[in-house]
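Listed here are the chains, written in short residue letters.
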Amino acid sequence: MSDLQTLRFYATPPHDCSYLPGRKAKTLFVDPQAEVTGDLYSQLSDLGFRRSGSHIYRPHCDSCNACVSVRIPVREFRPSKTQRRIWRRNADLSVASVSPQLTIEYYRLYDRYITQRHSDGDMYPPSPSQFMSFLVEGRQPSTFYEFRDSRRELVAIAVTDQLDQGLSALYTFYAPEEEKRSLGSYAILWQIEAAKQAGLDYLYLGYWVRDCRKMNYKTAFKPLDMLIADQWIRV
């Protein structure tokens, strides 16, 4: 069984940055053969690591620290007026937790979301194998939260990992035609409440990059903790 002292890491060669055009990035991966327990995964999350499928990683660039890990201290969180409106706007939605899996219904929603919202990104074009490797595969405790409207139509799925100290919001995909609902923000608000109800302290949101417009929504949740020079700083 591995721990932080015995765990091995591997760095990738430079590759195109997913967040900042024209930049090169490097990524540090946890040894894929290591047995990463829930406790160790929780410790790695506090060090800025994230999970994508079976891979646990963090940015490891030589001369750039633009990627900043962020988390919401859920007990101190206070929604803004806009966030309270988003919460009320989605009062008709019901939420159910299911194990990560690939179904026709899930994939159709995922395909629609990636195609209409992220056709300029490195996840386009989507495929069932991509869905599996990104959202289903992995050995950490994870849940798909289904969001359905009053007609039982699936409008969103939030993929969430369980940590000792909180929840980790890995990814959310949703019906792009339901723009007025602000489903991405609502999924975060719902996970904040889920973490509170479970007696946990944080909701981890992954990386924030100041110059990446698609990351701006994360700083709308306050207060927010940022991992700066290996220390969590509240902003």
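Please read these numbers as outputs of a predicted model, since none were measured by experiment. (Residues numbered from 1 in each chain as written. Predicted model: local features only at pLDDT ≥ 70, side-chain atom pairs only at ≥ 80, totals over all residues. Heavy atoms only, no water.)

Describing two packed helices takes the angle between their axes plus the distance from one axis to the other. Packing of helix 2 (residues 81-89) against helix 5 (residues 183-197) leaves a shortest axis separation of 10 Å and a crossing angle of 90°. When the axis of helix 2 is compared with that of helix 5, the two are roughly perpendicular. Facing Gln83, Ile86 and Trp87 of helix 2, the residues of helix 5 in contact are Ser185, Tyr186, Leu189, Trp190 and Glu193. In the contact of helix 2 with helix 5, the residues fall into 5 nonpolar, 2 polar and 1 charged. (Axes fitted to C-alpha atoms, helices over the stretch in contact; angles between N-to-C directions. Helix = DSSP H or I, 4+ residues; strand = E, 2+ residues; numbered from the N terminus. Parallel < 35°, antiparallel > 145°, perpendicular 65-115°, else oblique. Contact = heavy atoms within 4.5 Å. Nonpolar A, V, L, I, M, F, W, Y, C, P; charged D, E, K, R; others polar.)

Here we come to the layout of surface pockets. Quantified by volume, the second largest pocket comes out at close to 550 Å³. Along the wall of the second largest pocket there are 26 residues; nearest its centre are Pro59, Cys64, Asn65, Ala66 and Cys67. Of all elements in the fold, only strand 3 (24-25), strand 6 (55-59), strand 7 (68-73) and strand 13 (225-228) reach the threshold of two or more residues within the lining of the second largest pocket. Tallied by class, residues from the lining of the second largest pocket come to 15 nonpolar, 5 polar and 6 charged. (1 Å grid on protein atoms, 1.4 Å probe; cavity = no way out; pocket = protein on both sides within 12 Å on 5 of 7 lines; lining within 4 Å. Points joined across faces, edges and corners; volume = space filled by probe spheres on them.)

Here we come to the side chain of Gln191. Take Gln191: it is sitting in helix 5. By relative accessible area, which is 0% here, Gln191 ends up buried. Here Thr160 takes part through its side chain, which lies 2.7 Å from a polar atom of the side chain of Gln191. (Buried < 20%, exposed > 50% of the residue type's maximum accessible area, 1.4 Å probe, protein only. Polar contact = N/O pair within 3.5 Å; in protein donor to acceptor, adjacent residues only side chain to side chain.)

Following the UniProt record, the feature "domain: N-end rule aminoacyl transferase C-terminal" (unreviewed entry) maps to residues 105-227 here. Here residues 105-227 is 30% helix and 28% strand, with 37 Å between the C-alpha atoms at its ends. (UniProt positions renumbered as here; feature names shortened; annotations may be inferred.)

What follows is about helix 3 (residues 104-117). Structurally, the α-helix is built with 3.6 residues per turn, so residues lying three or four positions apart point the same way. For helix 3, spanning 14 residues, the distance from its first C-alpha to its last is 20 Å, which sits close to the expected 20 Å at 1.5 Å a residue. Summarising the contacts, the buried residues of helix 3 are in contact with strand 8 (94-98), helix 4 (128-136), strand 9 (142-148), strand 10 (154-162) and strand 11 (166-174). (Expected span 1.5 Å × (residues − 1).)

On to the pattern of salt bridges, then. Per the stated rule, a full pass over the model turns up 17 salt bridges. In this structure, Arg181 engages Asp92 in a salt bridge whose closest nitrogen and oxygen atoms are separated by 2.8 Å. Note that Arg181 is positioned in the loop between strand 11 and helix 5 and Asp92 in the loop between helix 2 and strand 8, a separation of 89 residues in sequence. On the accessibility criterion, Asp92 (34% relative accessible area) is partly exposed. In this structure, Glu105 engages Arg148 in a salt bridge whose closest nitrogen and oxygen atoms are separated by 2.9 Å. Note that Glu105 is positioned in helix 3 and Arg148 in strand 9, a separation of 43 residues in sequence. The exposure class assigned to Glu105 is partly exposed, which follows from its relative accessible area of 36%. (Salt bridge = Lys/Arg side-chain N within 4 Å of Asp/Glu carboxyl O.)

Taken N-terminus to C-terminus, the directions of helix 3 and helix 4 make an angle of 95°; their axes are 11 Å apart at the nearest point. With respect to helix 4, the element helix 3 is oriented roughly perpendicular. The residues of helix 4 that touch helix 3, namely those facing Tyr106, Tyr107 and Tyr110, are Pro128, Gln130, Phe131, Phe134 and Leu135. The residue inventory of the contact of helix 3 with helix 4, partitioned by class, reads 7 nonpolar, 1 polar and no charged.

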